[in-house]
Amino acid sequence: MPAVAQFFRGGRSLAALGATLGMALSPMTPARAVDSGGAYAQHHVQLPDAAGRSIAAYALPRVQLVRADGKRVLLADELNDGRAVVLDFVYTTCTSVCPLSSQTFAALQDKLGIERDRVHLVSISIDPEQDTPDRLQEYARHFDAGPQWQFYTGTAEASLRVQQAFRAYSGDKMSHPPLTLLRVAPGKPWVRFDGFATVDQLLHELQNQVAVQ
Amino acid sequence: MKTWRAGACAALAVACLGFSSVARADAPPSSKQAAVGEAIYRNGVLASGAPLEGQRERGAGLGGGLVTKGADAACVNCHLRSGLGSISNDRRVSIPPVAGQYLFQPRNMKASDHDLPYVENVKADREPYTDATLARAIREGIDSDGKPLGTLMPRFALDDADMSALIAYLKSLDRRKEPGVTDTVLHFATIITPDADPVKRRGMLDVLNRYIADKNAFPFSPTPHLRSSGKGIYSKSLYMANRHWQLHVWELTGPADTWDAQLEDHLAKEPVFAVLSGLGGSNWAPVHAFCEREQLPCLFPNVEVPVVADRDFYTLYFSKGVLLEAGLIAKSIAEPDSGPPVRSVLQVYREGDSGEAAAHALAAAVGRSGIAVRSEAIAAASEPGKGVAQALQKAMKGDALVLWLRPNDIAALGAAPAEAGTVYMSGLMGGLEQAPLPEGWRSHIRMAYPFDLPDARVVRVDFPLGWFSFRHIPVVAEQVQVDTYLACGLLAETLSHSADTFVREYLVERMEELLEHRYLTGYYPRLALAEWQRFASKGGYVVRFADPAGNRLVAAREWTVP
């Protein structure tokens, strides 16, 4: 029979069932879901209406990414050009979480008006092999991204390192939680929004801290 | 047998409901309302042809929230084709099932009355919906208990006719009975086209048959404890999760335009839940079209020329095969790793073989960069030595050669041309590192290699090879056999994570989601899918031989996604 090593890494079922890899071999796996889980209530943690805000410090890894225009860039150079940064992780074939995050970015750039030039919106692909620069450009057009909103891809390893650096890696792209990171200037701490940050939340954060009018 | 589309019984859906044994084939015929409901759900198009419009209440101050329209607003994006929704790893994003039974199922039923397939994200702790409360949920975002729905769920503007069409469609998504699934057996088919390589065919069937025999010899028996305990409302749908697998080998014969009828005939005689692995020659399109039409998952067939249609749903491929190789070679020609820039290309392929499609793809890709491409087709029936020699005589000084050739043609290449520049070749067609290149060619070769490098994959491939060896399965076509073994393992594991929810669309959706977690990925460095992604491994190397003799390869170009 297949060795334990054959089985999927983690996986939502495993995580959800609190099962170990070894337990995945067991025919009891589905049963555990039922026996242990009369607690269906826990299945439906409602996302808070406004995203949870916290302050965090992250060490930027030395990672090369490929911008949607095909240029190879260093993550740190892109983030440390003096502008405020609003950053999220997306993938272009995502149909649930990312479209809402991207809609929020699109609305944010509209609402920033002329001040948008002082803000750098950064969307980094968590599916970099699928999301070639061409596909990212197409995605950017779909959301009417202006020049201040840029998309990045790169190798699978590079994307993973960035996700890990921002504690954004959830094991697989399809179950990545909504997350937005904001930093008003290089050297300042990051503000982290877990959940769907609203346009107003992001705007408020930017206005308070950089006096974007 | 013609199966009915899931949405086809919407008009009579209320009548269908409650007949848990309704199989797809017995469902009522299509109707206008069904088509409307399906178009709203799948494409975000209303009966009037106008785009469906949804609005999320968030982002107020923008003139009324974030508006989503048309295909972006379609229900399928989140609730998926199966209607069974999904739940994220960390369980923070939960998209509940909307297939009718889950919405309308009465509360407090006895466990024994439940026959719904178990899905983790089900909401069992709220009032059952009525048509009226469901319409309110869709329009106003208020659930059956009067609580607001999650942030992701937009509020949709639907008139009464569109609303009833959509609700009828949801009711038609009956998820209780699929063809090819009995209480004790899961039926699978594998499809082999008549132009498939006979050696690979034998190798693939050895693996499939042995894998299934092993699986059936050591079954996880249904657990009597759980069966009788009635614990949890889904126990009835869980206890039989480990059925025997039965494989039906569908060997096609004759010309390709007769395959569809043959496949229909096979499916009518031997209804199956899904197609597992399979082997094609240069033309898989009729099989792909059949599986799409019959809504039959086709999981990782061994195919050199897959159908590239990311909006299709039912066939999942390991890679784009020779089409990927064409992309890799095109990149390499545009940015050569050594020597002067390439100005012209001569490619050689056999008429009717997989190289023909690859050559077209290469010509299109290279043509865009302004490099001249000439293609020489060798007559299908000509002798290896003669045909290839004649084609190569057309080479001009400075040409980069591209060889879409099989090992017998490669072995007959003769002496390397005196002024040969870089020679690109298809690894898939030519036999990878075992390609029988005559003396003198090896140092010129750049081979498209849509797999991980041999040294890097050794651990991942060692396991299946050990498994073959222990079972005395001759290794006659290593890559095909390892891929076949991988396909079997992926299916088994996906089913083990799907409880007893035997729904064809759900199988595909679970595979999309779980694939990324697999770490023994055989020949591939990693595999991943998503909605609208049908090729699990996206890139490849261009390699050269490390030594004038021997099979050791080194990368001439880093892993590239063309």
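This report concerns the structure included in the present document. Since we're looking at a predicted model, the values are computed, not measured.

1. Concerning the overall build of chain B
For chain B, the count of helices and strands is 19 helices and 17 strands. For chain B, with 562 residues in total, the buried portion stands at 58%. Contacts in chain B between residues far apart in sequence, at least 24 positions, make up 65% of those at least 6 positions apart. When the accessible surface of chain B is split by element, carbon and sulfur atoms take 55% of a total near 20900 Å².

2. Looking at the overall build of chain A
A tally of helices and strands in chain A yields eight helices and eight strands. The 213 residues of chain A split such that 56% are buried. Carbon and sulfur atoms provide 52% of the accessible area of chain A, an area that totals close to 8600 Å².

3. A few points about the layout of surface pockets
Its boundaries defined by the atoms lining it, the largest pocket holds a volume of some 1600 Å³. For the largest pocket, the lining is made up of 50 residues, of which T132 of chain A together with K331, T560, V561 and P562 of chain B are closest to its centre. Here the lining of the largest pocket takes seven residues from helix 12 (residues 322-334) of chain B, the largest share from any one element. Here the lining of the largest pocket is composed, by residue class, of 21 nonpolar, 12 polar and 17 charged. Approximately 1100 Å³ is the volume attributed to the second largest pocket. The wall of the second largest pocket is formed by 41 residues, among which T92, Y139 and H142 of chain A together with D72 and R311 of chain B lie closest to the centre. Residue assignment for the lining of the second largest pocket shows that the elements contributing at least two residues are helix 5 (97-112) and helix 6 (133-142) of chain A together with helix 2 (32-43), strand 2 (66-69), helix 3 (76-79) and helix 19 (504-514) of chain B. When residues of the lining of the second largest pocket are assigned to their parent elements, the largest contribution, six residues, is made by helix 5 of chain A.

4. Overview of helix 10 (residues 259-269) of chain B
Considered for burial, the residues of helix 10 of chain B that qualify are W259, Q262, L263, E264 and L267 of chain B. In this structure, the buried side of helix 10 of chain B is in contact with strand 6 (185-192), strand 7 (244-251) and helix 11 (285-294) of chain B.

5. What to know about helix 13 (residues 354-367) of chain B
All names here are of chain B. The terminal C-alpha atoms of helix 13, which comprises 14 residues, lie 20 Å apart, in line with the 20 Å expected from a rise of 1.5 Å per residue. For helix 13, the complete set of buried residues consists of S354, G355, A358, A359, L362 and V366. Considered in projection along helix 13, the buried side chains sweep an arc of 120 degrees and stay on one side of the axis. Packed against the buried residues of helix 13 are helix 12, strand 11 (344-350), strand 12 (372-378), strand 13 (399-404) and helix 16 (427-430).

6. Looking at the packing of helix 10 of chain B against helix 11 of chain B
All names here are of chain B. Contact pair helix 10 / helix 11: the axes reach a minimum separation of 9 Å and the direction vectors enclose 45 degrees. On the basis of the axis angle, helix 10 is oblique to helix 11. Handedness of the helix 10/helix 11 crossing: right-handed. Counted together, W259, D260, L263, E264 and L267 of helix 10 and P286, V287, F290, R293 and E294 of helix 11 form the full contact between these two elements. By residue class, the composition of the contact of helix 10 with helix 11 is six nonpolar, no polar and four charged.

7. Some points on the sheet that holds strand 16 (residues 540-545) of chain B
Residue and element names in this part refer to chain B. Spatial ordering of the open sheet is given by 12-11-13-14-15-16-17, a layout of seven strands whose pairing is mixed. Each having just a single partner strand, strand 12 and strand 17 (553-560) make up the two edges of the open sheet. In this sheet, adjacent strand axes meet at a mean angle of 20 degrees when their direction is disregarded. Taken together, the three bridges between strand 13 and strand 14 (residues 423-426) define a ladder with parallel strand orientation. Bridging from a neighbouring strand, L403 pairs with M425 of strand 14.

8. Describing empty space enclosed by the protein
Empty space among the atoms becomes visible once a probe the size of a water molecule is rolled across them. Taken as a whole, this structure holds 11 cavities of 30 Å³ or more when the rule is applied. Taken as a whole, the second largest cavity encloses approximately 310 Å³ of empty space. Lining the second largest cavity are 25 residues, and of these S96 and M174 of chain A together with L80, S86 and E531 of chain B sit closest to its centre. Examining the composition of the lining of the second largest cavity, we find that five residues originate from one element, helix 19 of chain B, more than from any other. Considered class by class, the residues forming the lining of the second largest cavity number 10 nonpolar, eight polar and seven charged.

9. Section: the pattern of salt bridges
Residues and elements named next belong to chain B. For the coordinates displayed, the defined rule picks out 36 salt bridges over all chains. A salt bridge links K269 to D265; its shortest N-O distance comes to 3.0 Å. Taken together, the residues K269 and D265, both in helix 10 and four residues apart, mark about one turn of the helix. A relative accessible area of 63% places K269 in the exposed class.

10. Quick word on the pairing of strand 2 (residues 64-67) of chain A
Residues and elements named next belong to chain A. As judged from the three bridges shared by strand 2 and strand 3 (residues 72-74), these two strands associate in the antiparallel manner. Counterpart to V66 in the pairing with strand 3 is R72. The pairing of strand 2 with strand 6 (residues 149-153) spans two bridges and is classified as antiparallel. In the sheet register, V66 faces strand 6, and the bridge partner there is T153.

11. Quick look at the environment of A379 of chain B
All names here are of chain B. Along the chain, the position of A379 falls in the loop between strand 12 and helix 14 (384-392). Overall, the relative accessible area of 39% leaves A379 in the partly exposed class. For A379 and G352, which are 27 residues apart along the polypeptide, the C-alpha to C-alpha distance reads 8.7 Å. If we skip the residues at most four places from it in the chain, A379 touches R350 and E351.

12. Observations regarding the nonpolar core
Formed by 96 residues in total, the largest nonpolar core has its most connected members in W245, F300 and W404 of chain B. At 10 residues, helix 18 (residues 478-496) of chain B tops the list of elements feeding residues into this core. Once residues within four sequence positions are removed from consideration, F300 of chain B is found in contact with S277, L316, Y317, F318, A487, L490, M511, L515, L529 and A536 of chain B. V63, V73, V122 and W190 of chain A belong to the second largest nonpolar core, which has 60 residues in total.

13. Focus on unusual backbone geometry
A positive phi angle is found at D144 of chain A, which is not glycine, with a value near 50 degrees. Along the chain, D144 of chain A falls in the loop between helix 6 and strand 6. The exposure class of D144 of chain A is exposed, given its relative accessible area of 63%. Backbone geometry at F300 of chain B places phi at a positive 60 degrees, although glycine is not the residue there. Locating F300 of chain B in the fold gives a position in the loop between strand 9 (298-299) and strand 10 (315-316).

14. What to know about the side chain of T193 of chain B
Residues and elements named next belong to chain B. Relative to the elements of secondary structure, T193 occurs in the loop between strand 6 and helix 7 (198-217). Within polar-contact distance, the side chain of T193 engages the side chain of D195 at 2.6 Å. If sequence neighbours within four positions are ignored, T193 has contacts with L252, W259, L279, G280, G281, N283, W284 and V287.

Scoring rules and cut-offs
- Residues numbered from 1 in each chain as written.
- Chains lettered and ligands numbered in written order.
- Predicted model: local features only at pLDDT ≥ 70, side-chain atom pairs only at ≥ 80, totals over all residues.
- Heavy atoms only, no water.
- Helix = DSSP H or I, 4+ residues; strand = E, 2+ residues; numbered from the N terminus.
- Buried < 20%, exposed > 50% of the residue type's maximum accessible area, 1.4 Å probe, protein only.
- Contact = heavy atoms within 4.5 Å.
- Areas by Shrake-Rupley, 256 points an atom, 1.4 Å probe, with all protein chains shown as cover.
- 1 Å grid on protein atoms, 1.4 Å probe; cavity = no way out; pocket = protein on both sides within 12 Å on 5 of 7 lines; lining within 4 Å.
- Points joined across faces, edges and corners; volume = space filled by probe spheres on them.
- Nonpolar A, V, L, I, M, F, W, Y, C, P; charged D, E, K, R; others polar.
- Expected span 1.5 Å × (residues − 1).
- Arc of directions from axis to C-beta.
- Axes fitted to C-alpha atoms, helices over the stretch in contact; angles between N-to-C directions.
- Parallel < 35°, antiparallel > 145°, perpendicular 65-115°, else oblique.
- Left-handed = near helix turned anticlockwise from the far one by under 90°.
- Pairing = 2+ DSSP bridges.
- Salt bridge = Lys/Arg side-chain N within 4 Å of Asp/Glu carboxyl O.
- Core = buried A, V, L, I, M, F, W, Y, C linked by side-chain atoms within 4.5 Å.
- Polar contact = N/O pair within 3.5 Å; in protein donor to acceptor, adjacent residues only side chain to side chain.

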